[in-house]
Amino acid sequence: MGSLLAVVIPLALGAAVSPTLFALEVLVLTGKHHPVARGWAVAGGAGAVLLAFGLLGVTVLRTIETGHHHRSLTGAVIDLGAAAALVLLAARSLQKARTAAEAHHEHTKGRLDDAPTLTFVGVGALGMLVNFSTLVLFLPAVREIEHSSVDVAEKVVVWLIITVIALLPVLLPVTLVALLGTRADPLLARLNAFVGRHARTIAIAIELVFAVVLAWKGIGDLH
């Protein structure tokens, strides 16, 4: 299991770099009404989408590979496709127009003060759906787990580990507020300010680094 973790944890850490999802969670936690409950609702919605996306990915991969028996080719296509998608996302981030995740954050800001807590499950779900870099990096990690030689129980453990890591942008803020209350406000404010100033730079750097890594791996799978 250790060798599998060594492969998938870097991908999960890359997937966890989501400035807009972090900013969305902090925005919810600074609200006046039930901030912790709403924060957990956002995390739950984001987690449900990530889980569904992973399960869908496994189902599609099994269907493709059962029909064609070219696992290395399928892996190469996934890695190279993910690399290409990350390059496109980086190019999109270089433009001044808002990304889909940023647009969702702005749309949410100031509109949900009086909304029911359950509404924030949908807010978190949509936030994850438009968080393309996380989804793009999560799929290769899921494939690595699916084709690992470890037993089913260990695969489940690894899957849980990478899911928690990928959800850190929403889990970490709400956990801090749940444990520390208002004492967490200064730390979250500083983190949010830093992330806000450097969000696009951070996103572009992560996207390009993992684009190179996945392209290299995909080319290797073709040989």
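Here's what I pulled together on the structure shown here. (Residues numbered from 1 in each chain as written. Predicted model: local features only at pLDDT ≥ 70, side-chain atom pairs only at ≥ 80, totals over all residues. Heavy atoms only, no water.)

### Some thoughts on the overall build of the protein chain
1) Next: Within the protein chain one finds 10 helices and zero strands.
2) Next: Reading the helices (α) and strands (β) of the protein chain from amino to carboxyl end gives α-α-α-α-α-α-α-α-α-α.
3) Next: Across the 223 residues of the protein chain, 45% fall into the buried class.
4) Next: Counting contacts in the protein chain only where the partners sit at least 6 residues apart, residues at least 24 apart contribute 82% of the total.
5) Next: Total accessible area on the protein chain stands at roughly 11500 Å², and carbon and sulfur atoms take up 70% of it. (Helix = DSSP H or I, 4+ residues; strand = E, 2+ residues; numbered from the N terminus. Buried < 20%, exposed > 50% of the residue type's maximum accessible area, 1.4 Å probe, protein only. Contact = heavy atoms within 4.5 Å. Areas by Shrake-Rupley, 256 points an atom, 1.4 Å probe, with all protein chains shown as cover.)

### Concerning the side chain of S148
1) Next: Tracing the sequence through the fold places S148 in the loop between α7 (132-146) and α8 (152-166).
2) Next: What makes S148 buried here is its relative accessible area of 17%.

### Describing the environment of I202
1) Next: Along the chain, I202 falls in helix α10 (residues 185-222).
2) Next: In this structure I202 comes out as partly exposed when scored by relative accessible area, which is 24%.
3) Next: Each C-alpha atom, one on I202 and one on S18, is 8.7 Å from the other, the two residues being 184 residues apart in sequence.

### Quick notes on a nonpolar patch on the surface
1) Next: Taken together, the side chains of L73, V77, L80, I219 and L222 make up a nonpolar region of the molecular surface, amounting to roughly 420 Å² of accessible area.
2) Next: Of all the elements in the fold, those that place two or more residues in the nonpolar patch are α4 (71-94) and α10.
3) Next: The dominant element in the nonpolar patch, judged by the number of residues it contributes, is α4, at three residues.
4) Next: Here L73 shows up in helix α4. (Patch = residues over 30% accessible without salt bridge, like charges linked within 9 Å, V, L, I, M, F, W, Y side chains within 5 Å. Salt bridge = Lys/Arg side-chain N within 4 Å of Asp/Glu carboxyl O.)

### Digging into the pattern of salt bridges
1) Next: Summed over the entire model, instances satisfying the criterion amount to two salt bridges.
2) Next: Residue K217 is joined to D79 by a salt bridge in which the shortest nitrogen-to-oxygen separation is 2.9 Å. In this pair, K217 is assigned in helix α10 and D79 in helix α4, connecting sequence segments 138 residues apart.
3) Next: For K217, a relative accessible area of 28% puts it in the partly exposed group.

### Concerning the nonpolar core
1) Next: Core analysis: the largest hydrophobic core is formed by 44 residues, its most contacted members being L86, M128 and I162.
2) Next: Elements that contribute at least two residues to this core include exactly α1 (2-16), α2 (19-29), α3 (35-68), α4, α6 (119-129), α7, α8 and α10.
3) Next: When sequence neighbours within four positions are dropped, the list of residues in contact with M128 reads L21, A46, V49, L50, T134, L135 and L167.
4) Next: Counting nine residues, the second-largest nonpolar core is a separate cluster that includes L29, V174, V177 and L188. (Core = buried A, V, L, I, M, F, W, Y, C linked by side-chain atoms within 4.5 Å.)

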